[in-house]
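Below are the chains, spelled out letter by letter.
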Amino acid sequence: MSQNPTKHTKVLIIGSGPAGYTAAVYAARAMLNPILVHGSEPGGQLTTTTDVENFPGFAEVIQGPWLMDQMKEQAKAVGTEMIEDHISNVNLNTSPFEATGDSGQKYTADSIIISTGAQARWLNLDSEQEFRGFGVSACATCDGFFFKNKEVAVVGGGNAAVEEAMFLTKFASKVKLIHRRDSLRAEKLLQKKLMENEKIEIIWDSVVEEVFGDKDPKNVKGIKIKNVKTNEVQELNLDGVFIAIGHDPATQLFKNQLEMDKEGYLITKADSTETNVPGVFAAGDVKDKIFRQAVTAAGMGCMAALEAEKHLSHN
């Protein structure tokens with residue numbers, strides 16, 4: 001099979017989503033002719049979100065997949081080369097940097113923007129996946145608003161789960177926190193707040209076995225939970241289920257090359273998207289486990305492109 005010649009670019013953007021696409025828009029407008037390499041399902045986590053009500057600039061509800069399409073088309077229109085490939089190997093010790101795709105294509109780049117994102121961990125029940133976006137969510141900040149005066153459950157026991165439960169009490173009439181152990185991993189101060197909140201009920205030693213609901217129109221009606229100590233199964237009637245058992249950043253590719261925290265998120269300098277390797281930048285959920293919003297990811301994409309441009313003009 002004849003090998004494509006190596007593709008060189010001033011800026012290689014790995015990953016799509018709000019961070020990657022925004023970086024591409026800014027880099028292309030700076031005449032850097034970026035190449036953006038995305039996987040087979042471009043757009044990231046927003047492509048699994050239906051209604052988006054909190055992205056600035058849209059008074060009407062918009063759809064996540066539509067928003068990502070628009071960003072992609074905008075990046076293309078201003079001069080980004082989009083390539084569907086999966087980067088399977090990078091070498092950040094060379095100059096220029098090198099990357100190789102599953103396609104066999106080699107890429108070299110004077111700077112790299114990493115926007116590979118993160119994925120919410122799911123319980124991986126068929127019923128959970130069936131109702132994803134129809135009452136099952138992994139983001140309270142995104143979807144809590146839709147559960148005004150309704151009953152919801154949060155699954156998990158860490159800081160994220162406790163914070164989501166607290167946040168949901170602003171909207172929901174009742175929040176049940178379901179945890180498979182008999183104590184929480186969350187910080188003590190958070191736990192105290194949680195225990196003091198009358199809207200929250202904690203169900204210990206329990207796991208979700210099934211999500212059930214209506215098929216047409218699709219919406220959640222409740223869950224079946226099992227007590228891991230007694231094996232007793234009970235049904236809870238509720239309107240929404242929030243899964244808060246953590247996220248996994250897509251950073252395997254950069255192990256032993258870039259600094260990460262213990263959970264695998266890329267570490268960047270303060271007020272910057274620059275990693276510990278000059279010329280390599282990280283934007284969006286691949287480095288952000290605090291905000292995880294489309295608008296903050298887009299903001300970081302902009303920062304990364306501006307920082308890349310500055311880096312290139314100095315070197």
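A. Layout of the state of the cysteines. Taken as a whole, this structure holds one disulfide when the rule is applied. The disulfide partner of Cys139 is Cys142, and the gap between their sulfur atoms is 2.0 Å. Every disulfide takes its handedness from the sign of the S-S torsion; for Cys139 and Cys142 that torsion is 75°, giving right-handed. Judged by relative accessible area, Cys139 falls into the buried class, the value being 16%.

B. The arrangement of the environment of Trp122 in detail. Relative to the helices and strands, Trp122 resides in the loop between strand E9 (118-120) and helix H3 (126-130). A residue is classified by how much of its surface remains accessible, and Trp122, at 17% relative accessible area, is buried. Placed 98 residues apart in sequence, Trp122 and Ala24 show a C-alpha to C-alpha distance of 30 Å. Here Trp122 is in contact with Glu128, Gln129, Arg132, Val136, Ser137, Ala138, Ile243 and Ile245, once residues within four sequence places are set aside. Only 3.5 Å separates the side chain of Trp122 from the backbone oxygen of Ala120, close enough to count as a polar contact.

C. Fine view of the nonpolar core. Residues Ile13, Leu67 and Ile113 are the most contacted members of the largest nonpolar core, which totals 29 residues. Going through the elements one at a time, strand E1 (7-14), helix H1 (17-29), helix H2 (64-77) and helix H7 (294-314) are the ones with two or more residues in this core. Per-element tally for this core: the top contributor is H7, with seven residues. Those residues in contact with Ile113 that lie beyond four places of it in its chain are Val11, Leu12, Ile13, Ile14, Ala23, Phe281, Ala304, Ala305 and Ala308. Within the second largest apolar cluster, 21 residues are counted, among which are Ile14, Phe97, Tyr107 and Val277.

The rules behind each value
Residue numbers run consecutively from 1 along every chain, following the written order of its sequence. Selection of residues for local features in this predicted model requires a pLDDT of at least 70, selection of side-chain atom pairs for listing and counting requires 80 or more, and totals for whole chains, interfaces and linings are taken over all residues. The side-chain figures draw on all heavy atoms in the structure; neither hydrogens nor water molecules are used. For the purposes of this analysis, a disulfide is any pair of cysteine sulfur atoms at a distance within 2.5 Å. Summary of the burial criterion: residues with accessible area below 20% of their type's maximum are buried, those above 50% are exposed, and those between are partly exposed, where the area comes from a 1.4 Å probe applied to protein chains only. For helices the rule is a DSSP run of H or I covering at least 4 residues; for strands it is a run of E covering at least 2, with both sets numbered from the N terminus onward. Working rule for contacts: check all heavy atoms of both residues, and any pair within 4.5 Å makes them a contact. As used in this structure description, the phrase polar contact means that two N or O atoms lie within 3.5 Å; if the pair is within protein, one of them must be able to donate a hydrogen and the other to accept it, and residues adjacent in sequence are counted only when both atoms belong to side chains. Put simply, a nonpolar core is a bunch of buried Ala, Val, Leu, Ile, Met, Phe, Trp, Tyr and Cys residues held in one set by side-chain atoms that sit within 4.5 Å of each other.

This is a description of form; function is not addressed.
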